[in-house]
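Per-entry structural report
Letter by letter, the chains look like this.
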Protein chains: 2
Amino acid sequence: MSSDGSVTGDDEAVRTAGRGRRGPYAKSESRREEILDRAIEVFAERGVDGTSMRAIGEAVGVSHAALKHYFPSREALLVEVLRRREARLVEDVTARAGDDFTSLRLLADATVRNAAEPGFVALHTAMLATGVLDPDGEAGEHLVARYREARGRIADDLATGVMAGRPITEVADVAALLLAASDGLQAQWLLEGGTNGDVDLVRSYGLLIDLIGTRRGAQG
Amino acid sequence: MSSDGSVTGDDEAVRTAGRGRRGPYAKSESRREEILDRAIEVFAERGVDGTSMRAIGEAVGVSHAALKHYFPSREALLVEVLRRREARLVEDVTARAGDDFTSLRLLADATVRNAAEPGFVALHTAMLATGVLDPDGEAGEHLVARYREARGRIADDLATGVMAGRPITEVADVAALLLAASDGLQAQWLLEGGTNGDVDLVRSYGLLIDLIGTRRGAQG
DNA sequence: GTCTATACAGGGATAGAC
DNA sequence: GTCTATCCCTGTATAGAC
């Protein structure tokens, strides 16, 4: 689901990432990684709202203001957490899929994974709202890119698969619909208390996938 | 879409709403209404993030702390704004629908209305995230009730309409799916800059409705 | 480059005036 | 019942030490 495979997603950081030399950003990079690790720990323990800059700073052992040398804002830091998680999810799901994977199958697998990580689903929902309120902010820019890339990839796959021969606008709409339903169902699922609640995330999403995979008769 | 038709949605307030007598809550009620009116003005001018308690307080002419006598929190106040808007939307859409309205048609009409009010769509998305992060908070409680009611009503309508004869779980899943797709598409739509962007909210949602209305072959 | 100190605005909570 | 004053905690911003 990520728009790229990088873990850091930071242009400057990428320049030196993984190399042993002591370049201008070498230390920054490892420090960034450490801060992210701590942030994820705090996040796992206290949730999104509990992950304050001061709490992360405490976990790292520095003042909250020091974090701004590595992340311009709390929003940017949380986006980075999200980015990491997305990259990990893509890896895991594509690995599991083996040879015969389609976007539809990938999406279904990702949903199963999501159902096992309610904390990250909540983070995604929160960042989506943040991005919507400010599309030019860190969350917004990341999500715009991520959704564009995902819609494009899904649409391509659909166009050469189950929707071969359909008009492009319809294919594009279905791609948007697939991502939208995932986000919306996740929200209702969390609202109902997750897996124990009345909303069955995996089953409902599976229904949409079936609907698209087996549909007939739409005039086009 | 609201779980009820009330504008205030407050049990105590409802007791005296609309009556002329000077009961214990009469003054509170008109003051609440005034605050909400001002809040909506501030909200329209400065957006969700700009609608601080202090800003509303200024518009009303009191300190931000005074607002707490009418609304326990900013979250509660914004939920009330949302509630009002939902009630208005239901009125307008049902009025327009005339005799032959189904949930499917109503949902499509509501989407057209939503596309004309991006500010409120953003508010809804923001409150949804707030509710997800804390389902027991004001936003969470309202949304849980609202979605349950909406899912139930849509499911009933589907069961006696286009989905007659289908298994109940499938009908319930489609109901959740219809609300989910609406929320998710709205988010992508706002992310892409609204009506001028690459995501066509009304068209994409219409496609889902067509998909459900004309579907065949799903094994039941 | 890394970090502390500090100041400011926001939401929330409480005490107490009237 | 209505409201101000005030305090706490948060994210953010800046100055400046090293």
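Residues numbered from 1 in each chain as written. Chains lettered and ligands numbered in written order. Predicted model: local features only at pLDDT ≥ 70, side-chain atom pairs only at ≥ 80, totals over all residues. Heavy atoms only, no water.

As annotated in an unreviewed UniProt entry, chain A is TetR/AcrR family transcriptional regulator from Nocardioides bruguierae.

**Considering the overall build of chain A**
When its secondary structure is counted, chain A shows 9 helices and 0 strands. Traced from its N-terminal end to its C-terminal end, chain A shows the element sequence α-α-α-α-α-α-α-α-α. Per-residue burial for chain A yields a buried fraction of 50% across its 220 residues. Taking as baseline every contact in chain A between residues at least 6 positions apart, the subset at least 24 positions apart corresponds to 66%. (Helix = DSSP H or I, 4+ residues; strand = E, 2+ residues; numbered from the N terminus. Buried < 20%, exposed > 50% of the residue type's maximum accessible area, 1.4 Å probe, protein only. Contact = heavy atoms within 4.5 Å.)

**Quick word on the protein's contact with DNA strand D**
Around DNA strand D, 19 residues are found, and the nearest of them are S52 and R54 of chain A together with S28, H69 and Y70 of chain B. Counting only atoms of DNA strand D within 4 Å of the protein, the sugar-phosphate share comes to 50%. Taking R54 of chain A, its side chain carries an N or O atom lying 2.7 Å from a base nitrogen of DNA strand D. Those elements that place two or more of their residues in the surface near DNA strand D are α3 (53-60) of chain A together with α2 (26-50) of chain B. The element best represented in the surface near DNA strand D is α2 of chain B, accounting for 3 residues. Per-class residue counts for the surface near DNA strand D are 6 nonpolar, 8 polar and 5 charged. (Near = heavy atom within 4 Å. Polar contact = N/O pair within 3.5 Å; in protein donor to acceptor, adjacent residues only side chain to side chain. Nonpolar A, V, L, I, M, F, W, Y, C, P; charged D, E, K, R; others polar.)

**Re the protein's contact with DNA strand C**
The local shell around DNA strand C holds 20 residues, among which S28, H69 and Y70 of chain A together with S52 and R54 of chain B are the closest. What you see for DNA strand C is that sugar and phosphate hold 52% of its atoms within 4 Å of the protein. The separation between a phosphate oxygen of DNA strand C and a polar main-chain atom of S63 of chain A is 2.8 Å. A distance of 2.9 Å is found between a phosphate oxygen of DNA strand C and a side-chain nitrogen or oxygen belonging to K68 of chain B. Among the residues making up the surface near DNA strand C, the classes are represented as 7 nonpolar, 8 polar and 5 charged.

**Some thoughts on the UniProt feature "domain: HTH tetR-type" (unreviewed entry) in chain A**
Per the UniProt annotation, the sites labelled "domain: HTH tetR-type" (unreviewed entry) are residues 29-89 of chain A. Its end C-alpha atoms 22 Å apart, residues 29-89 of chain A is made of 75% helix and 0% strand. (UniProt positions renumbered as here; feature names shortened; annotations may be inferred.)

**Brief notes about the domain arrangement of chain A**
Residue and element names in this part refer to chain A. Taken as a whole, chain A is organised into domain 1 (10-71) and domain 2 (75-220). Taken residue by residue, the interface counts 13 residues in domain 1 and 9 residues in domain 2. The largest share of the area that domain 1 buries against domain 2 comes from L36, F43 and V48, three residues that together contribute 46% of it. The salt bridge involving E80 is made with R32; its shortest N-O contact spans 4.0 Å. Our count for the domain 1 to domain 2 interface comes out at 2 residue pairs in polar contact (both at pLDDT 80 or more). Counting residues per element, the side of domain 1 that touches domain 2 draws most heavily on helix α2 (residues 26-50), at 9 residues. In terms of residue class, the side of domain 1 that touches domain 2 is made up of 9 nonpolar, 1 polar and 3 charged. (Domains from an automatic or database assignment. Buried area = accessible area lost by both parts, 1.4 Å probe. Salt bridge = Lys/Arg side-chain N within 4 Å of Asp/Glu carboxyl O.)

**Thoughts on the nonpolar core**
Across soluble globular proteins, you tend to see nonpolar side chains buried next to one another. Residues L178 of chain A together with L178 of chain B are the most contacted members of the largest nonpolar core, which totals 74 residues. Those residues in contact with L178 of chain B that sit more than four places away from it in its chain are L104, L107, I154, L158, Y205, L208, I209 and I212 of chain B. (Core = buried A, V, L, I, M, F, W, Y, C linked by side-chain atoms within 4.5 Å.)

**What about a negative patch on the surface?**
Taken together, the side chains of D49 of chain A together with D134, D136, E138 and E141 of chain B make up a negatively charged region of the molecular surface. For D136 of chain B, the location among the structural elements is in the loop between α6 (118-133) and α7 (138-159). Given a relative accessible area of 65%, D136 of chain B falls into the exposed group. (Patch = residues over 30% accessible without salt bridge, like charges linked within 9 Å, V, L, I, M, F, W, Y side chains within 5 Å. Areas by Shrake-Rupley, 256 points an atom, 1.4 Å probe, with all protein chains shown as cover. Lys, Arg positive; Asp, Glu negative; His and termini not counted. Charge placed at Lys NZ, Arg CZ, Asp CG, Glu CD.)

**A few points about the packing of helix α4 (residues 74-97) of chain B against α7 of chain B**
Residues and elements named next belong to chain B. Put simply, α4 and α7 touch, their axes get as near as 8 Å, and they point 25 degrees apart. With respect to each other, α4 and α7 are oriented roughly parallel. Of α7, the residues touching α4 (which contributes E75, A76, V79, L82, R83 and E86) are E138, A139, G140, H142 and R146. Taken together, the residues that form the contact of α4 with α7 break down as 4 nonpolar, 2 polar and 5 charged. (Axes fitted to C-alpha atoms, helices over the stretch in contact; angles between N-to-C directions. Parallel < 35°, antiparallel > 145°, perpendicular 65-115°, else oblique.)

**Concerning the confidence of the model for chain A**
Residues and elements named next belong to chain A. For chain A, the mean per-residue pLDDT works out to 88, and 85% of the residues sit at or above 70. Averaged pLDDT values over the elements of chain A bottom out at 42 in helix α1 (residues 11-16) and peak at 98 in helix α8 (residues 168-191). Across residues 1-21, where pLDDT falls below 50, the model places 37 contacts with residues more than four positions away in sequence or in other chains. (pLDDT = per-residue confidence, 0-100.)

**Quick notes on the side chain of H142 of chain B**
Residues and elements named next belong to chain B. Tracing the backbone through its elements, the reader meets H142 in helix α7. Within the local environment of H142, its side chain forms a polar contact with the side chain of E86, the two groups lying 3.2 Å apart. Beyond its immediate stretch of four places on either side in the chain, H142 contacts V79, L82, R83 and E86.

**What about the interface of chain A and chain B?**
Facing the 43 residues of chain A at the interface are 42 residues of chain B. Between chain A and chain B, the buried area comes to about 4,000 Å², and carbon and sulfur atoms account for 69% of it. Viewed at the interface, chain B and chain A are joined by 6 salt bridges. The closest approach of N and O atoms between D173 of chain A and R203 of chain B, which form a salt bridge, is 2.7 Å.

**Describing the relation of the copies chain A and chain B**
Two copies of a chain can be linked by a rotation about an axis combined with a shift along that same axis. It takes a turn of 180 degrees to lay chain A on chain B, together with a shift of 0.0 Å along the axis; the resulting RMSD is 0.1 Å. These values place the two chain copies in the arrangement generated by a two-fold rotation axis. Distance from the rotation axis, computed per C-alpha, reaches its smallest value in chain A at A181 of chain A: 2.2 Å. (Least-squares fit on C-alpha atoms with pLDDT ≥ 70 in both.)

**Quick look at the packing of helix α6 (residues 118-133) of chain A against α6 of chain B**
Running from N to C, α6 of chain A and α6 of chain B cross one another at 155 degrees; their axes reach a closest spacing of 9 Å. Taken as axis vectors, α6 of chain A and α6 of chain B run roughly antiparallel relative to one another. Handedness of the α6 of chain A/α6 of chain B crossing: left-handed. Of the residues in α6 of chain B, those touching α6 of chain A at A122, T125, A126, A129, V132 and L133 of chain A are A122, T125, A126, A129, V132 and L133 of chain B. When grouped by side-chain class, the residues that make up the contact of α6 of chain A with α6 of chain B number 10 nonpolar, 2 polar and no charged. (Left-handed = near helix turned anticlockwise from the far one by under 90°.)

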